Amino acid sequence: MAEIHIDPLEKKWIYFIAFFLLISWGTILYYTFGKGVRPPSNVEVIDSARLHLPDGVGGGEFMEKNLGVHVDNNDHIKVIMVAARYGFYPQHFTVPVDTPITFRLASFDVLHGVHIPESNMNTMIVPGYVSEVHTQFTKTGQFPLICNEYCGRSHAYMYGMIDIVPKAQFKAEQSAHAGSMASNKDTQEQRT
Amino acid sequence: MTNQTDSMNAHSLMRFPAKQVARNPWWLLMLLLWLPVSMLHADDGPSSNIAWDAAQVKFVKSGDPARGQKLNQELTCAMCHGEKGVSEGRNWPDLAGQNPNYLFKQLLDYHDHKRADTEAAKVMVELAGRLTQQDMADLAMYYAQFPLPPGEDPRFVDEAAEQTAEKLVQFGDGQRMIPPCFACHGTHGEGNTVDMPALAGQQAVYFRNTMRDFKSGRRHNDIYGRMRYMSKALTLEEIDALAQYYAKMRPPE
């Protein structure tokens, strides 16, 4: 096999690049197997067209009446939310600070995202899948929900609002509403 | 007795099936079971039973406009909505050029009692109750083939209010979480996929009534309450201004 002439400078660069490739592969492998960092934790395939129907996802989990903040008997908080062109539904809801919260999000139409400023809440909402995110807010205040995946002409006008309140205030509001979902109530009341 | 009721009322719904019940008590049992189920359904069910998957879109598209034309006469649709979908009175919507998916969805919602709580809905609930899904698709495709209505020029509001309307249509209002109207209803009010209705040239009075019904929640067949949220955030004056704005709007040739 004939010797190939490689310029010494070129050789140096090959070693340099190989070194960085090994480092980046090594980093990925380390975090994958050592630290357990994976793509989204759960994969649930759904039919986004039937999201709002009782025979849709999980027996109507994303029906209009089920959207909003749910607190179960063990004080676990679950937020069920739909992203649809153009907005987040429920549009405005309240959760307590410093409390583990599970978000279950689904898209009614196209690819959306949701980001809540000053927090690590940030995920894609892919049609055909449920996005489940576990998070805990550390700052109180009112924050907008921001769609960060281009979803159409009014991507910039996807409105939604979250109130993050002290734990005591959330508890008081919960008992005032007698366990019903504060944010979902608006739409329910109108109907009657 | 049954003969008497027969001649008194031709509506099959009004006729109590006394003979059948006497012969077969299962009828009564089924009726008793159906009643509470139907009541539950009306309260807690989805806003609409439509599911826009590919098959549903194709089904509406396959509607036969020629048959739709016949139905338009037979079912007396034309009396209010006009021969070619341009309505006779201000209270009835123009259907000409409307998005066929929207028309289909509305007929289905009337049929399923999802749009039944407004004053104007009563007639439509009664009429749509007799339609098959094929009829709905045929009618939808019949009206969709015409150009959008010419509209009229009612004077509800002054120039300043019209400018407010234009701002809402183009930019919405972030403070009140109102997205711009054009996003779903089109830059020229021509409607949009999948079932977003066209608004250009629509009867202003009908537009105003509809928005007020959404605002009060008496109309609630918008999935996830998208129109209910927006109309609640709008003032009555803004609704009037928007009604006028869209009534005057002409789609591009």
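Residues numbered from 1 in each chain as written. Chains lettered and ligands numbered in written order. Predicted model: local features only at pLDDT ≥ 70, side-chain atom pairs only at ≥ 80, totals over all residues. Heavy atoms only, no water.

Outline the overall build of chain B, supporting the account with residue identities and numerical values.
Within chain B, the secondary structure is distributed over 14 helices and zero strands. Order of helices (α) and strands (β) in chain B, N terminus to C terminus: α-α-α-α-α-α-α-α-α-α-α-α-α-α. Within chain B, the fraction of its 253 residues that count as buried is 48%. Contacts spanning at least 24 positions in sequence make up 70% of the contacts within chain B whose residues lie at least 6 apart. Summed over all atoms, the accessible surface of chain B reaches about 13,300 Å², with 60% contributed by carbon and sulfur. (Helix = DSSP H or I, 4+ residues; strand = E, 2+ residues; numbered from the N terminus. Buried < 20%, exposed > 50% of the residue type's maximum accessible area, 1.4 Å probe, protein only. Contact = heavy atoms within 4.5 Å. Areas by Shrake-Rupley, 256 points an atom, 1.4 Å probe, with all protein chains shown as cover.)

Hey, could you go over the nonpolar core for me, with residue numbers and the actual values?
Judged by nonpolar contacts, the single largest core of 41 residues is most densely connected at Leu 51, Phe 62 and Val 82 of chain A together with Phe 104, Leu 139 and Tyr 224 of chain B. Broken down by secondary-structure element, the contributors of at least two residues to this core are strand S2 (77-84) of chain A together with helix H7 (100-111), helix H8 (121-128) and helix H9 (133-144) of chain B. Per element, the largest residue contribution to this core is six residues, and it comes from H9 of chain B. If we skip the residues at most four places from it in the chain, Leu 139 of chain B touches Gly 68, Leu 71, Asn 72, Leu 75, Cys 77, Leu 107 and Leu 131 of chain B. In this structure, Val 69, Val 97, Leu 105 and Ile 164 of chain A belong to the second largest nonpolar core, which totals 31 residues. (Core = buried A, V, L, I, M, F, W, Y, C linked by side-chain atoms within 4.5 Å.)

Provide a residue-level description of helix H14 (residues 236-248) of chain B, including the pertinent values.
Residue and element names in this part refer to chain B. With 13 residues, H14 extends 19 Å between its outermost C-alpha atoms, agreeing within 8% with the 18 Å of an ideal straight helix rising 1.5 Å per residue. Within H14, 10 of the 13 residues are buried, which leaves it mostly tucked inside the rest of the structure. Taken residue by residue, H14 has Glu 238, Ile 239, Asp 240, Ala 241, Leu 242, Ala 243, Gln 244, Tyr 245, Tyr 246 and Ala 247 as its buried positions. Elements that come into contact with the buried residues of H14 comprise helix H10 (159-171), helix H11 (182-185), helix H12 (204-216) and helix H13 (226-233). (Expected span 1.5 Å × (residues − 1).)

Now, about the packing of helix H5 (residues 65-74) of chain B against H9 of chain B: what can you tell me, with residues and values included?
Residue and element names in this part refer to chain B. Relative to each other, H5 and H9 sit at 95°, their axes nearing to 7 Å. The angle between H5 and H9 falls in the class roughly perpendicular. Residues Pro 65, Arg 67, Gly 68, Gln 69, Leu 71 and Asn 72 of H5 form the contact with H9, whose own contacting residues are Gln 134, Asp 135, Asp 138, Leu 139, Met 141, Tyr 142 and Tyr 143. Class assignment for the residues of the contact of H5 with H9 results in six nonpolar, four polar and three charged. (Axes fitted to C-alpha atoms, helices over the stretch in contact; angles between N-to-C directions. Parallel < 35°, antiparallel > 145°, perpendicular 65-115°, else oblique. Nonpolar A, V, L, I, M, F, W, Y, C, P; charged D, E, K, R; others polar.)

Got a sec to walk through the packing of H7 of chain B against H8 of chain B? Specific residues and values, please.
All names here are of chain B. It is the contact of H7 with H8, at a shortest axis distance of 7 Å, that shows an interaxial angle of 90°. By the angle between their directions, the pair H7 and H8 is classed as roughly perpendicular. Across the interface between the two elements, Leu 107, Tyr 110 and His 111 from H7 touch Ala 121, Met 124, Val 125 and Ala 128 from H8. Of the residues that constitute the contact of H7 with H8, the class distribution is six nonpolar, one polar and no charged.

I'd like a description of the domain arrangement of chain A, backed by residues and values.
Examined at the domain level, chain A breaks down into domain 1 (9-38) and domain 2 (44-189). Placing the centre of domain 1 of chain A and that of domain 2 of chain A at their C-alpha centroids yields a distance of 38 Å. (Domains from an automatic or database assignment.)

Talk me through the sheet that holds strand S10 (residues 161-165) of chain A; I want residue IDs and the actual numbers.
Residue and element names in this part refer to chain A. Across the sheet, three strands lie side by side as S4-S10-S9; this open sheet has mixed pairing. Since the sheet does not close on itself, it has two edges, and those belong to strand S4 (92-96) and strand S9 (141-144), each with one partner. Here the strands of the sheet are splayed against their neighbours by 25° on average, with no regard to which way each runs. The strands touched by helix H2 (residues 167-176) within the sheet are S4 and S10, with S4 carrying the most contacts at an inclination of about 125°. (Pairing = 2+ DSSP bridges.)

Summarise the environment of Phe 171 of chain B; cite the residues concerned and give the values.
Its location among the elements puts Phe 171 of chain B in helix H10. Between the C-alpha atom of Phe 171 of chain B and that of Ala 204 of chain B, which follows or precedes it by 33 residues, the distance is 21 Å. Every residue in contact with Phe 171 of chain B, bar those within four places of it in the chain, is listed here: Tyr 157 of chain A together with Ile 178 and Pro 180 of chain B.

Talk me through H10 of chain B; I want residue IDs and the actual numbers.
Residue and element names in this part refer to chain B. Its 13 residues give H10 an end-to-end C-alpha distance of 18 Å, which sits within 8% of 18 Å, the value for a rise of 1.5 Å per residue. Every buried residue of H10 is accounted for by Ala 161, Glu 162, Ala 165, Leu 168 and Val 169. Mapping the buried residues of H10 onto a view down its axis gives an arc of 115°, with all of them on the same face. With respect to the buried face of H10, the exposed residues turned more than 90 degrees away are Glu 159, Gln 163 and Lys 167. In this structure, the buried side of H10 is in contact with H11 and H14. Directly beyond the C-terminal end of H10, a positive phi value near 65° is found at Gly 172. (Arc of directions from axis to C-beta.)

Which residues make up the side chain of Thr 94 of chain A, and what values go with them?
Relative to the assigned elements, Thr 94 of chain A resides in strand S4. Leave out the neighbours within four places in its chain, and Thr 94 of chain A touches Val 69, Asp 163, Val 165, Phe 170 and Glu 173 of chain A.

Quick one: what's the story with a nonpolar patch on the surface, residue by residue and with numbers?
Residues and elements named next belong to chain A. Taken together, Leu 9, Trp 13, Phe 16, Ile 17, Phe 19, Phe 20, Leu 21, Leu 22, Ile 23, Trp 25 and Ile 28 make up a surface patch of nonpolar side chains, about 1,200 Å² in accessible area. Inspection of the secondary structure assignment puts Ile 28 in helix H1 (residues 8-34). Looking at Ile 28, the relative accessible area reads 52%, which means it is exposed. (Patch = residues over 30% accessible without salt bridge, like charges linked within 9 Å, V, L, I, M, F, W, Y side chains within 5 Å. Salt bridge = Lys/Arg side-chain N within 4 Å of Asp/Glu carboxyl O.)

Quick rundown of the interface of chain A and chain B? Include the residues and the values.
The extent of an interface is frequently quoted as the accessible surface area lost upon association of the parts. On the chain B side, the residues contacting the 32 residues of chain A number 38 residues. Contact between chain A and chain B buries roughly 3,000 Å² in total, counting both sides, with carbon and sulfur atoms accounting for 55%. Across the salt bridge formed by Glu 64 of chain A and Arg 228 of chain B, the nearest N and O atoms sit 3.0 Å from each other. Seen at the junction of chain A and chain B, the total is 10 residue pairs in polar contact (both at pLDDT 80 or more). The dominant element in the side of chain A that touches chain B, judged by the number of residues it contributes, is helix H3 (residues 182-191) of chain A, at five residues. (Buried area = accessible area lost by both parts, 1.4 Å probe. Polar contact = N/O pair within 3.5 Å; in protein donor to acceptor, adjacent residues only side chain to side chain.)

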